[in-house]
Amino acid sequence: MNHADTTIQAAIDTLKIEARTLEQAAKRIDGRFVQAVKIILGLKGKLIVTGIGKSGLVGAKIAATLASTGTPSFFLHPSEALHGDLGMIGSEDGVLAISYSGESEELSNILPHIRRFEVPLLAMTADFGSTLASYADVLLDISVEREACPLGAAPTSSTTLTMALGDALAVALMKRRDFKEEDFASFHPGGSLGRRLYLKLAEIARTERLPIVNAQTPLKEAIVVMSEGKLGNVLVTEEGRLAAIMSDGDLRRALMKTDFDMERPVIDYATRNPRSLNDLEMLASNALAQMEEAKIQLMPIVNEAGEILGVVHLHDLVSAGIKTGKK
C-alpha cells in the first residue's frame, strides 16, 4: 500500500470509528438526558460550562452553541475560577462540567466551591465512579469504545462525542423552547445566517430615482431614462400602475426586428405583466429565491394597487451577502 492509500485509509478508519461511537452513544440516551434538559430549562440564570484541556475547548464550543440558540451560557476556565472567576457563578445559574476521566485536577479543585453555591451541577464524564461524578446531580455518559487515534492517546472519538452531545442538548432545548427562525435571527444579526434570516427588502431595496416611464413614452426617451437609472431596465406604467419592464435584453431583441422604430411607444418593446414582489417587509432571502427561480436580475416591488414602491436588483442582494439557504 502506497502513501496515498495509507493516508486515505487512515481518514476512512477515523470517520468510521467516530461514526460508530456516535451511533453507540445514541442508544444510551435515556432519562438522565431528559433530566439534564429539564434542569437547564428551569434555570433563571445562565448555564456555565467548564472543563480543562481538550474538554475545555469542546466546552467553549458547547457554551457558544447554547448561547446562540436561546440558552444563556458562557465558558468558565477552571484555573481562572480559582483566582476570582468563581464570582461569575450566581445563585440562579447552573454548571455543566466536562471531564472524560472525571479526575482532572483543576476541575476537581473547584467542584467543592461550586457545590457550596448550591447550584445544579451537570457532568459529562466516562467514569461514573469519579470525583466529578460524585459531585454531580446528573451524569451524561461520554465513554467510548476506542479513540480514533492509533495510539489510543489523543482525544478524538471522545471529543467528537462530547461535542455532539452538547449539540444534542442545544437542539433538544431549542425544541422545548419552540425556538424559531426569527429568534435565531435576533441572536445572529450579522454574518450570512443573520442576513438570510433577518434582512428585509425595505433595508436593501432602491426606492428613489427609479427609471420609470409612461407606456406611451417614445422608445428613444425610455432608453435615456434606462441609461440614467443604471439598472439595465426601465419600468413602464399605465395609469400609475406597473404594466411592463423593458430590459437591455428586450432592447437588443427589438433592434433585430424589421419594424424597429425609435419613435414607437416603449410598451411595444417591453415585457408585459412582469413578475413583482408586493411586500417591503419580505425577507431579502425570500426575494432572492424568487429571482433565482425566475432567472431574472431585477424585480419591482408594488403595492396592492400595482403602484411601484421600489426595485431590488440581484447585485444588491449578492453584495449584501444574502443567500437563499439552499444546499
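Our subject is the structure that appears above.
Nothing here was measured: the structure is a model prediction, and the numbers come from that model. (Residues numbered from 1 in each chain as written. Predicted model: local features only at pLDDT ≥ 70, side-chain atom pairs only at ≥ 80, totals over all residues. Heavy atoms only, no water.)

Engineer: Help me get a handle on the pattern of salt bridges, residues and values and all.
Structural biologist: The tally for this structure, following the rule as stated, stands at 12 salt bridges. Between R206 and D316 there is a salt bridge; the shortest N-O distance is 2.8 Å. Taken together, the residues span a long stretch of sequence, with R206 in the loop between α9 (191–198) and β6 (212–214) and D316 in helix α13 (residues 314–319) at a distance of 110 residues. Of the residues examined, R206 reaches a relative accessible area of 31% and is grouped as partly exposed. Salt bridges sharing common partners tie together D259, R264 and D268. (Salt bridge = Lys/Arg side-chain N within 4 Å of Asp/Glu carboxyl O. Helix = DSSP H or I, 4+ residues; strand = E, 2+ residues; numbered from the N terminus. Buried < 20%, exposed > 50% of the residue type's maximum accessible area, 1.4 Å probe, protein only.)

Engineer: Kindly report on the sheet that holds strand β4 (residues 121–125), identifying the contributing residues and their values.
Structural biologist: The parallel open sheet is built from five strands, whose spatial order is β2-β1-β3-β4-β5. Single-partner strands in this sheet number two, and they are β2 (73–76) and β5 (138–141). This sheet shows a mean twist of 20° between the axes of neighbouring strands, independent of strand direction. Of the strand pairs in this sheet, strand β1 (residues 47–51) and strand β3 (residues 94–98) are connected by five bridges, and their pairing is parallel. Within the sheet, the bridge partner assigned to I48 lies in β3 and is V95. Helix-sheet contacts for helix α2 (residues 31–42) involve β1, β4 and β5, and the interaxial angle to β5 is about 125°. Helix α3 (residues 53–68) rests against β1, β2, β3 and β4 of the sheet, and its axis sits at about 165° to β2. (Pairing = 2+ DSSP bridges. Axes fitted to C-alpha atoms, helices over the stretch in contact; angles between N-to-C directions. Contact = heavy atoms within 4.5 Å.)

Engineer: Account for unusual backbone geometry, with residues named and values stated.
Structural biologist: Across residues other than glycine, the phi torsion is negative in most instances, and most of the peptide bonds are trans. Residue K230 is not a glycine yet carries a positive backbone phi of 55°. Here K230 lies in the loop between α10 (219–229) and β7 (233–238). Among the residues examined, K230 registers a relative accessible area of 71% and is labelled exposed. For E239, which is not glycine, the phi torsion reads 55° and is therefore positive. Mapping E239 onto the fold places it in the loop between β7 and β8 (241–247).

Engineer: So, the nonpolar core: which residues are in play, and what are the values?
Structural biologist: Counting residues in hydrophobic clusters, the biggest one holds 26 residues, and the most contacted among them are F33, I62, L96, M124, L140 and L169. Contributions of two or more residues to this core are made by α2, β1, α3, β3, β4, β5 and α7 (157–177). In contact with L169, other than residues within four places in its own chain, are F33, A36, V37, I40, L96, M124 and L140. Judged by nonpolar contacts, the second largest core, of 18 residues, contains L86, I89, V95 and I114. (Core = buried A, V, L, I, M, F, W, Y, C linked by side-chain atoms within 4.5 Å.)

Engineer: Describe the pairing of strand β10 (residues 298–302), and please don't skip the residues or the numbers.
Structural biologist: Burial analysis of β10 places five of its five residues in the buried class, which makes it a mostly covered element. Remark: five residues form the turn of the hairpin made by β10 and strand β11 (residues 308–313), two consecutive strands paired antiparallel; G306 in that turn has positive phi of roughly 85°.

Engineer: If you had to explain empty space enclosed by the protein to someone new, which residues and values would you point to?
Structural biologist: In this structure the tally under the stated criterion is two cavities of 30 Å³ or more. In this structure, the largest cavity encloses a volume near 100 Å³. Around the largest cavity sit A25, R28, I29, D30, R32, F33, L139, L140, D141 and L165, which together line it. The set of elements that each furnish at least two residues to the lining of the largest cavity consists of α2 and β5. (1 Å grid on protein atoms, 1.4 Å probe; cavity = no way out; pocket = protein on both sides within 12 Å on 5 of 7 lines; lining within 4 Å. Points joined across faces, edges and corners; volume = space filled by probe spheres on them.)

Engineer: Outline the side chain of S158, listing residues and values.
Structural biologist: Its place among the elements puts S158 in helix α7. Of the polar contacts made by the side chain of S158, one reaches the side chain of E147; its length is 2.6 Å. In this view, S158 contacts Y100, V144 and E147; residues no more than four positions away in its chain are not counted. (Polar contact = N/O pair within 3.5 Å; in protein donor to acceptor, adjacent residues only side chain to side chain.)

Engineer: Tell me about the sheet that holds β8, residues and numbers included.
Structural biologist: Reading across the sheet, the four strands line up as β6-β7-β8-β9 and stay open at both edges, with mixed pairing between neighbours. Because the sheet does not close on itself, it has two edges, and the strands there are β6 and β9 (271–272). The pairing of β7 with β8 spans six bridges and is antiparallel. Directly across from V236, in β8, lies its bridge partner A244.

Engineer: Lay out the packing of aromatic side chains with the relevant residues and their values.
Structural biologist: Applying the stated criterion across every chain yields a total of one aromatic pair. For the pair F260 and Y269, a centre-to-centre distance of 5.7 Å together with 50° between the ring planes defines the contact as tilted. A relative accessible area of 24% places F260 in the partly exposed class. Assessed through its relative accessible area of 7%, Y269 is described here as buried. (Phe/Tyr/Trp six-rings, centres within 6.5 Å; stacked < 30°, edge-to-face > 60°.)

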